[in-house]
Amino acid sequence: MSDSAVKFEVDGGVALVTLNRPPVNALNRETRRRLVAIFDEVSEREDIRCAVLTGSGSVFCAGADLKDRPAADIAGDFLEHNRITRETGNAIRECSKPVIAAVNGAALGAGLGLMAACDIMYASDNATFGMPEINVGLAGGASMLRTLFGRSTLRRMFFTGQRLSAQDLLRRNVLEDVFPAEELLPAALALAHEIAAKAPLAVVYAKRAANMVDLMPQRDAYRFEQDFTMALAKTEDAREARMAFLEKRAPQFKGR
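Computed from a predicted model, the values in this text were never measured in an experiment.

> Run through the overall build of the protein chain, naming residues and quoting values.
Of the regular secondary structure elements, the protein chain holds 10 helices and 10 strands. Since a compact globule built from 256 residues should have a radius of gyration of about 18 Å, the 19 Å found for the protein chain is in line with a globular shape. With 256 residues in all, the protein chain has 45% of them scored as buried. For the protein chain, long-range pairs separated by at least 24 residues make up 67% of all intrachain contacts whose partners lie at least 6 apart in sequence. Separation of charge centres in the protein chain, based on 33 positive and 33 negative side chains, amounts to 4 Å.

> Break down empty space enclosed by the protein for me, citing the residues and quoting the values.
Under the defined criterion, the tally for this structure stands at 1 cavity of 30 Å³ or more. Approximately 50 Å³ is the volume found for the largest cavity. Taken together, L27, N28, R29, R32, A64, D65, D68, R69 and H81 form the lining of the largest cavity. Its residues placed into classes, the lining of the largest cavity shows 2 nonpolar, 2 polar and 5 charged.

> For the sheet that holds strand β5 (residues 99-103), give the residues involved together with the corresponding values.
As summarised here, the arrangement of the 6 strands in space is β1-β2-β3-β5-β7-β10, forming an open sheet in which the pairing is mixed. Only two strands of the sheet have a single neighbouring strand rather than two, namely β1 (6-11) and β10 (177-179). For this sheet, the mean inter-axis angle between neighbouring strands, taken without regard to orientation, is 20°. Direction of pairing for β1 relative to strand β2 (residues 14-19): antiparallel, over a ladder of 6 bridges. In the strand pairing of β2, E9 is matched with L16. Helix-sheet contacts for helix α1 (residues 29-44) involve β1, β2, β3 (50-55) and β5, and the interaxial angle to β1 is about 15°. Against the sheet, helix α7 (residues 181-196) engages β1, β2, β3, β5, β7 (120-124) and β10, with an angle of about 160° to β7.

> Can you break down the nonpolar core residue by residue, with the values?
Residues F39, L53, M115 and F129 are the most contacted members of the largest nonpolar core, which totals 49 residues. Apart from the residues lying within four places of it in its own chain, the contact partners of M115 are F60, A101, V103, M121, F129, L148, L169, V174 and L175. Core analysis: the second largest hydrophobic core is formed by 16 residues, V52, A102, A188 and A192 among them.

> Provide a residue-level description of the pattern of salt bridges, including the pertinent values.
Overall, the coordinates contain 9 salt bridges when judged by the stated rule. Here K207 and D119 are joined by a salt bridge, their closest N and O atoms 3.0 Å apart. Taken together, the residues K207 in helix α8 (residues 200-213) and D119 in the loop between α3 (110-117) and β7 connect sequence positions 88 residues apart. Three or more residues joined by partner-sharing salt bridges are found here, namely R29, R33, D68, D77 and E80.

Here is what the cut-offs are and how they apply
- Residues numbered from 1 in each chain as written.
- Predicted model: local features only at pLDDT ≥ 70, side-chain atom pairs only at ≥ 80, totals over all residues.
- Heavy atoms only, no water.
- Helix = DSSP H or I, 4+ residues; strand = E, 2+ residues; numbered from the N terminus.
- Rg over C-alpha atoms; globule rule 2.2 N^0.38 Å.
- Buried < 20%, exposed > 50% of the residue type's maximum accessible area, 1.4 Å probe, protein only.
- Contact = heavy atoms within 4.5 Å.
- Lys, Arg positive; Asp, Glu negative; His and termini not counted.
- Charge placed at Lys NZ, Arg CZ, Asp CG, Glu CD.
- 1 Å grid on protein atoms, 1.4 Å probe; cavity = no way out; pocket = protein on both sides within 12 Å on 5 of 7 lines; lining within 4 Å.
- Points joined across faces, edges and corners; volume = space filled by probe spheres on them.
- Nonpolar A, V, L, I, M, F, W, Y, C, P; charged D, E, K, R; others polar.
- Pairing = 2+ DSSP bridges.
- Axes fitted to C-alpha atoms, helices over the stretch in contact; angles between N-to-C directions.
- Core = buried A, V, L, I, M, F, W, Y, C linked by side-chain atoms within 4.5 Å.
- Salt bridge = Lys/Arg side-chain N within 4 Å of Asp/Glu carboxyl O.

Here is the structure:
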C-alpha cells in the first residue's frame, strides 16, 4: 500500500499526520486504510505521545471520494466500504494518545467526521464546515454532528448541506481556537509538544477517561476516574512529577 496519500512524520514525541491527496484530500478506501494503520501505530509506539492531523494544500478534507463508491452489484462491497468508513473515525477516537485537528481549509462530510473524531480542534480562519451529502442524494453523519452541534444546527446542516465558517464554530464553542492560515500548524504543534511533555501514562489514562466519561452517568464517571487516579498515584512518573514540582525542576518521565 502506498504511503503517498497520507504523510506520517514523528519528531520530539509528536506525530504529524497529513492528508496528501491533491487537490482536495478526498478519502478513498486506500487512504482510509492508511489512516487506520497510522493511528493504530501511534497508539502503540512509546516514542509518540500526541498527534496532529492536518491536510496538505488549502483543503483539510473535502469528504469521501465519489469515484470510489461501493458497487451495489458486488455482494459485500457496501458492507466492506461502510466498515472501513466507520473504522477511520474510530481509529482516531480510540487512539491511545491525544489527537489535535489542525483544519487548514474546508472540512466537508467525511472530512468533518475526521475533525469530530479528534480530541482538540483548531482551524484556520478560512476554514469551512459542512455535510453536503444531501446535495448528492445521500444522507449520513448525524451521529457525528451530534457530538459537535445542538439539535437545530445539526438538522439545518444535515437537511440543507449549508456550510458554517470557522468563526461560526468558534462562537458555538466547537473549535478551541482559530488562527491565520500560516499560524495554524505551528500553534497545533506547540500544543502537541506541551502535551507530549506530560507524564506518558497519565496522558494515556486521561485520553481513556475522556472517552469513557462521555458515555457514563456523572456518578459512575467520577468513580471510574478515581480508579485511574489511584492507579497513577502509584507510578514512578507520579512520584517524579511531585518531586520535580517541589524541587522546581523539569521532570524526567520514564513512562512507568
